[in-house]
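Examining the three-dimensional arrangement
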Amino acid sequence: MTKLQTWWKGLPRRDQRLLAVWLAAMAVAALAWCWQALGSAQERLQGRLQLEQQALGAMRAQAEELQQLKQRTTASNSAMGVNALALTDSMPKYELRPDMLQPTGDAAQVSLQGRVPFDKWVDWLAFVQKDMHLVLRTAKVSRFELPGLVEMQATLELRKD
């Protein structure tokens, strides 16, 4: 520090002023450059925020449409007969594949066909009979080569109370 002070005092008064003005100008230029960089970064972020808000608005609109569609589908399925959406949602819990469901000509009926673990199928039948008010109309169950699996064809219908 003493070397710097000695150097500064050794400069003529005119050079000291010139150096001070030059350092001040450099500091102002550096501040202006930083201010500009911050401003352009803020503009970019504002633009990005607007795009994300637009995307969020579009996603909310789509979610609303999907919710309305799901409600309409559920209401129409319930009004017409078997609620196929709820039925297929219940199947994976019992290790049954939703693609086993077969449409029938009657809205109050649904048909299933495939290879299933017998105990899981019986548990699922108990669930749909209790919670979805379906009853087993017809069933054809035959043993499969692997233990515990059966080949089945069944028709379920809405319980008539």
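Everything numeric here is computed off the predicted structure, so don't read it as measured data. (Residues numbered from 1 in each chain as written. Predicted model: local features only at pLDDT ≥ 70, side-chain atom pairs only at ≥ 80, totals over all residues. Heavy atoms only, no water.)

1. A few points about the overall build of the protein
Scanning the protein from N- to C-terminus turns up 4 helices and 4 strands. The C-alpha atoms of the protein give 38 Å as radius of gyration, which overshoots the globular expectation for 161 residues (15 Å, by more than 25%). In terms of overall dimensions, the protein has C-alpha extents of about 110 × 40 × 20 Å along its principal axes. A burial count over the protein gives 20% of its 161 residues as buried. (Helix = DSSP H or I, 4+ residues; strand = E, 2+ residues; numbered from the N terminus. Rg over C-alpha atoms; globule rule 2.2 N^0.38 Å. Buried < 20%, exposed > 50% of the residue type's maximum accessible area, 1.4 Å probe, protein only.)

2. Digging into the confidence of the model for the protein
In regions of low pLDDT, the predicted coordinates are not meant to be interpreted in detail. Of the residues in the protein, 93% reach a pLDDT of 70 or more, and the chain-wide mean stands at 86. Low pLDDT, under 50, characterises residues 75–80; the predicted model gives this stretch 7 contacts beyond four residues in sequence or across chains. (pLDDT = per-residue confidence, 0-100. Contact = heavy atoms within 4.5 Å.)

3. Here we look at the nonpolar core
Among the nonpolar cores identified, the biggest contains 19 residues, and L87, L96, W121, W124 and L156 are the most heavily contacted of them. Broken down by secondary-structure element, the contributors of at least two residues to this core are β2 (109–117), α4 (118–131) and β4 (149–158). (Core = buried A, V, L, I, M, F, W, Y, C linked by side-chain atoms within 4.5 Å.)

4. Some points on the side chain of Q16
Relative to the helices and strands, Q16 is located in helix α2 (residues 13–80). Since its relative accessible area comes to 9%, Q16 is described here as buried. For Q16, the residues in contact, after removing those within four places along its chain, are W8, K9 and L11.

5. As for α4
Residues three or four positions apart in an α-helix share a direction because the helix packs 3.6 residues into each turn. Here α4 spans 20 Å end to end across 14 residues, near enough to the 20 Å set by a 1.5 Å rise per residue. Of the residues making up α4, those classed as buried are W121, W124, L125 and V128. Down the axis of α4, the smallest arc covering the buried residues is 105°, so these residues share one side. The inward-facing, buried residues of α4 contact α3 (84–90), β2, β3 (134–143) and β4. At the C-terminal side of α4, H133 shows a positive phi close to 60°. (Expected span 1.5 Å × (residues − 1). Arc of directions from axis to C-beta.)

6. Here we look at a nonpolar patch on the surface
On the surface, M1, L4, W7 and W8 cluster together into a nonpolar patch covering about 490 Å² of accessible area. Tracing the sequence through the fold places M1 in the segment before α1 (2–10). (Patch = residues over 30% accessible without salt bridge, like charges linked within 9 Å, V, L, I, M, F, W, Y side chains within 5 Å. Areas by Shrake-Rupley, 256 points an atom, 1.4 Å probe, with all protein chains shown as cover. Salt bridge = Lys/Arg side-chain N within 4 Å of Asp/Glu carboxyl O.)

7. A short note on the environment of A107
Position of A107 relative to the elements: it lies in the loop between β1 (101–102) and β2. It is 9.8 Å that separates the C-alpha atoms of A107 and A84, two residues lying 23 residues apart in sequence.

8. A word on the sheet that holds β3
Pairing is antiparallel across the open sheet formed by 4 strands, whose spatial order is β1-β2-β4-β3. Two strands close off the open sheet at either side, each with one partner strand: β1 and β3. The sheet contacts of α4 involve β2, β3 and β4, and relative to β3 the element is tilted by about 170°. (Pairing = 2+ DSSP bridges. Axes fitted to C-alpha atoms, helices over the stretch in contact; angles between N-to-C directions.)

9. Some words on the pairing of β2
The buried fraction of β2 is high, at 7 of 9 residues. With 2 bridges joining them, β1 and β2 adopt antiparallel strand pairing. Counted as the bridge partner of Q102 is S111 from β2. The antiparallel pairing of β1 with β2 creates a hairpin that spans 6 residues between the two strands. In the sheet, β2 pairs with β4 via 9 bridges, with the strands oriented antiparallel. Counterpart to Q109 in the pairing with β4 is E157.

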